[in-house]
Amino acid sequence: MTLHTITTARLTLHEISREAAADLNSGGGDGGFPWLGGGPADGTRIGSGITVKAWDEDAYRSGWGTYVLVRGADGHALGGIGFHSPPDAEGAVEIGYDLVPEARGAGYATEAVCALTAWALGQDGVGTVLAHTDPDNAASQRVLARAGFRRAAGDPGQDEYRFVHHG
C-alpha cells in the first residue's frame, strides 16, 4: 500500500504505516521520526492507536489514517493529524490533531488542518470535514476558525466545527 504525503509551505504530512502507528501508540516510541521536544504529544499517540485498530480490523483505507507533521526547515516532527475513520455514508469525515508544546503558536496546526481538509475534500464523495474540541480549548478553536471551519451544534461537553465544501 502506498502511503500518502501532503506538502505545504513549511510542512510535509507523512501518512504513517501500521508499524509506525503501533510504535507511537506504545507510549514510548517515536514512529521513526526525530521529534521536536523529544517525543509526540498524547493526541498523536491516541490517533496512532485508532490507526492500528483500523489496520487490525482490516478496515484501514489508504489516506484515511494518521499523519506526522514534519517541518521542512529542520526535519523535526512537530505533531500528528489524521482521520478518525474513512468518510461515512453522508460524505463526512472527522479529523483530530495536536502539536508538541515547542511548536505551538507558529501557525503549524492551521497549516496542517488546511492541507488535510483540502486533501479530504478533493476525494470522491467527501463534502464535510468535522472536528471536535473541548469547550475550554480556545487555541484549537482558533485554529479551526482560521482554517475556515464554522461552529455547529455538537454533543454536550464538546464543541463541533464543520468545514462544508460548496462546490
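Draft legend 1. Spotlight on the pattern of salt bridges. Taken as a whole, this structure holds six salt bridges when the rule is applied. Lysine 53 is the partner of glutamate 57 in a salt bridge, and the nearest nitrogen-oxygen pair spans 3.9 Å. For lysine 53, a relative accessible area of 51% gives the class exposed. In this structure, aspartate 74 engages arginine 71 in a salt bridge whose closest nitrogen and oxygen atoms are separated by 2.6 Å. Using a relative accessible area of 36% as the deciding quantity, one classes aspartate 74 as partly exposed.

Draft legend 2. Fine view of the side chain of aspartate 159. Among the structural elements, aspartate 159 can be located in strand E8 (residues 159–164). Judged by relative accessible area, aspartate 159 falls into the buried class, the value being 9%. Apart from the residues within four sequence positions on either side, aspartate 159 is in contact with Ala131, His132, Thr133, Asp134, Pro135, Gln141 and Arg151.

Draft legend 3. The sheet that holds strand E5 (residues 92–99), seen in detail. Reading across from one edge, E1-E2-E3-E4-E5-E6-E8-E7 is the order of the eight strands in this open sheet, with mixed pairing throughout. The sheet is open, and its two borders are formed by strand E1 (5–7) and strand E7 (150–152), each paired with just one other strand. Taking each pair of neighbouring strands and ignoring which way they run, the sheet shows an average axis angle of 30 degrees. The pairing of E5 with strand E6 (residues 128–133) spans four bridges and is classified as parallel.

Draft legend 4. Structural view of the pairing of E5. Pairing of strand E4 (residues 77–83) with E5, which is carried by five bridges, proceeds in the antiparallel orientation. Its bridge partner being in E5, isoleucine 81 is matched across the sheet by tyrosine 97. Once the chain exits E5 it traverses helix H3 (residues 108–121) before rejoining the sheet at E6, and the crossover so formed is right-handed.

Draft legend 5. Inspection of the packing of aromatic side chains at higher detail. One pass over the structure, following the stated rule, counts five aromatic pairs. Ring centres of tryptophan 55 and tyrosine 60 lie 4.5 Å apart, and the angle between their planes is 10 degrees; on these two criteria the pair is classed as stacked. Tryptophan 55 gets classed as partly exposed once you look at its relative accessible area, which sits at 26%. With centroids separated by 6.0 Å and ring planes inclined at 45 degrees, the aromatic side chains of phenylalanine 83 and tryptophan 119 adopt a geometry described as tilted.

Draft legend 6. Spatial organisation of H3. Counted at 1.5 Å a residue, the expected span for H3 with its 14 residues is 20 Å, and the 20 Å between its end C-alpha atoms agrees. H3 sits mainly inside the fold: 12 of its 14 residues count as buried. Within the sequence span of H3, burial applies to Tyr108, Ala109, Thr110, Glu111, Ala112, Val113, Ala115, Leu116, Thr117, Trp119, Ala120 and Leu121.

Definitions and cut-offs
Along each chain, residue indices are assigned from 1 in the same order as the chain's sequence is written. The predicted origin of the model limits local features to residues at a pLDDT of at least 70 and limits the giving and counting of side-chain atom pairs to 80 or more, whereas totals for whole chains, interfaces and linings rest on all residues. Side-chain metrics in this entry use all non-hydrogen atoms of the structure; hydrogen atoms and water are not considered. The term salt bridge refers to a pairing of a side-chain nitrogen on Lys or Arg with a carboxyl oxygen on Asp or Glu at a separation within 4 Å. Burial here depends on accessible area, computed with a 1.4 Å probe over protein chains only, as a share of the maximum for the residue type. Under 20% is buried, over 50% is exposed, and the range in between is partly exposed. Helix and strand definitions follow DSSP, with helices as H or I runs of at least four residues and strands as E runs of at least two, each counted in order from the N terminus. It only takes one pair of heavy atoms within 4.5 Å for two residues to be counted as in contact. Note on pairing: DSSP must find at least two bridges between two strands before they are called paired. Fitted lines through C-alpha atoms serve as axes, helices being fitted only where they are in contact, and the angles separating the N-to-C directions of these axes extend from 0 to 180 degrees. By the criterion used throughout, a crossover qualifies as right-handed when its path from the first strand across the helix to the second strand runs clockwise, the strands pointing away from the viewer. Under the pairing criterion, centres of Phe, Tyr and Trp rings, with the six-membered ring standing for Trp, must be within 6.5 Å; the plane angle then separates stacked pairs below 30 degrees from edge-to-face pairs above 60, leaving the rest tilted. Each helix should span, by expectation, one fewer than its residue count multiplied by 1.5 Å.

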